[in-house]
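Breakdown of the fold
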Amino acid sequence: MDTVRMSVIKQAAVAGCIVLLAGCAGKSQEEIQAERYHLEQDSHLQDIDVATIPDAIPRAPEGRVKHDPYTLNGVRYTPLKSATGYTSKGTASWYGKKFHGYQTANGEIYDMYAMTAAHKTLPLPSYARVTNLENGQSVVVRVNDRGPFHGDRVIDLSWAAAKKLGYQDKGVAKVHIEGIDTSPAGLQAFHQQGQKKPSHQGTDADGLLYLQVAALSNRDSANNLQKKLLSLLEQPVVVVPADDASLFRVRVGPLASDQQLAAVQKSLESNQLGRGQRVFD
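Residues numbered from 1 in each chain as written. Predicted model: local features only at pLDDT ≥ 70, side-chain atom pairs only at ≥ 80, totals over all residues. Heavy atoms only, no water.

1. Considering the nonpolar core
Operational definition: Residue types Ala, Val, Leu, Ile, Met, Phe, Trp, Tyr and Cys, when buried and joined through side-chain atoms within 4.5 Å, form a set referred to as a nonpolar core. Burial classes follow relative accessibility: with a 1.4 Å probe on protein chains only, a residue under 20% of its type's maximum area counts as buried, one over 50% as exposed, and anything between as partly exposed. Under the DSSP-based scheme used, a helix requires at least four consecutive residues in state H or I and a strand at least two consecutive residues in state E, with every element numbered from the N terminus.
The biggest cluster of nonpolar side chains holds 40 residues, and the ones touching the most others in it are Met115, Val130, Val141, Ile155, Leu157, Trp159 and Tyr167. Of all the secondary-structure elements, those providing two or more residues to this core are strand E3 (87-95), strand E4 (116-118), strand E5 (126-132), strand E6 (138-145), strand E7 (153-158), helix H3 (159-165) and strand E8 (173-179). In terms of residues, this core owes the most to one element, H3, which gives five residues. One finds Leu225, Leu233, Phe248 and Leu261 within the second-largest nonpolar core, a separate group that totals 20 residues.

This is the structure we're talking about:
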């Protein structure tokens, strides 16, 4: 990323934070998200090869699951307590740059290059398989946000998920949504289906290539670092909690090659963030 473009992105992020702090006191995160739908036309920051980005891996929730009722524009929404058994067909859209780096309704940081989604009534977090009915392509996403609050759309996918489904240029697609059971039996059945990992270069056979920037004991600190990295880099940035939630690993990736990893390390060093640690997952 050139210096001028990096400066513009940083200024936009700072301005967005100031607006949020000044105008969003007392508002629910759902209300804040709904207001961002009125911003100018959405877009993505940079085209990347989404084949290197794996689908979300369903896990049992590690903390509180958010399914509180809420009201927006006079409409009362009563979220489900579980995604198990949920199915729906309708129009999917995607959201990108105008939400990138901002807090989701789940309190996480939205990353347009991660496999996530916004839904009005699925619990946060939960997981769903979304299939494009026009081409048969499917993805598994982590639902960590509320929306879409626009027209008759039933789900908003991240830009990366939409590109995997092949509708990022059209903007919308007819999809089938299936909630994923994250009970022990449900997860066992899901993993027995055999999930294939995308092909990639410069890694070994054990997993996908990441650059781990830090391992922090505080989730808020990890989220803050994730947000900073998203403003500096044009790569996915994920927070991976340890099984006992004692550590939160902040990782850039998955990365397609050692050359891409080296380029990320150079950006980190230029911003005095160290070189990170090469890991596979």
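2. Section: the environment of valine 252
Relative to the assigned elements, valine 252 resides in strand E11 (residues 248-255). The sequence separation of valine 252 and leucine 211 amounts to 41 residues, and the corresponding C-alpha distance is 5.1 Å.

3. As for the sheet that holds E3
In plain terms, the rule: Strands were regarded as paired on the criterion that DSSP finds at least two bridges between them. Throughout, an axis means a line fitted to C-alpha atoms (over the contacting stretch in the case of helices), and angles, computed between N-to-C directions, take values from 0 to 180 degrees.
The strand order around the closed barrel formed by six strands is E3-E7-E4-E6-E5-E8, and the pairing between neighbours is mixed. Strand-to-strand, the axes of this sheet are offset by a mean angle of 45°, without reference to chain direction.

4. Considerations on helix H5 (residues 219-232)
Basically, it comes down to this: The span you would expect from a helix comes to 1.5 Å times its residue count less one. Each polar contact in these results corresponds to two N or O atoms within 3.5 Å; when the atoms are within protein, one needs to be able to donate a hydrogen and the other to accept it, and residues that are neighboring in sequence are counted only if both atoms are side-chain atoms.
Over its 14 residues, H5 runs 20 Å from end to end, which matches the ideal 20 Å to within 8%, given 1.5 Å per residue. Those residues of H5 not exposed but buried are Ala222, Asn223, Leu225, Gln226, Leu229, Leu230, Ser231 and Leu232. Its side-chain oxygen 2.9 Å from the backbone nitrogen of aspartate 220, asparagine 218 forms the N-cap of H5.

5. Description of the pairing of E8
The buried count for E8 comes to five of seven residues, which makes it a mostly enclosed element. Looking at chain direction, E3 and E8 are connected through six bridges and run antiparallel. Of the residues in E8, the one forming a bridge with threonine 91 is lysine 174. Of the pairings in the sheet, the one linking E5 to E8 comprises five bridges and is antiparallel in character. Paired with asparagine 132 across the two strands is valine 175, which belongs to E8.

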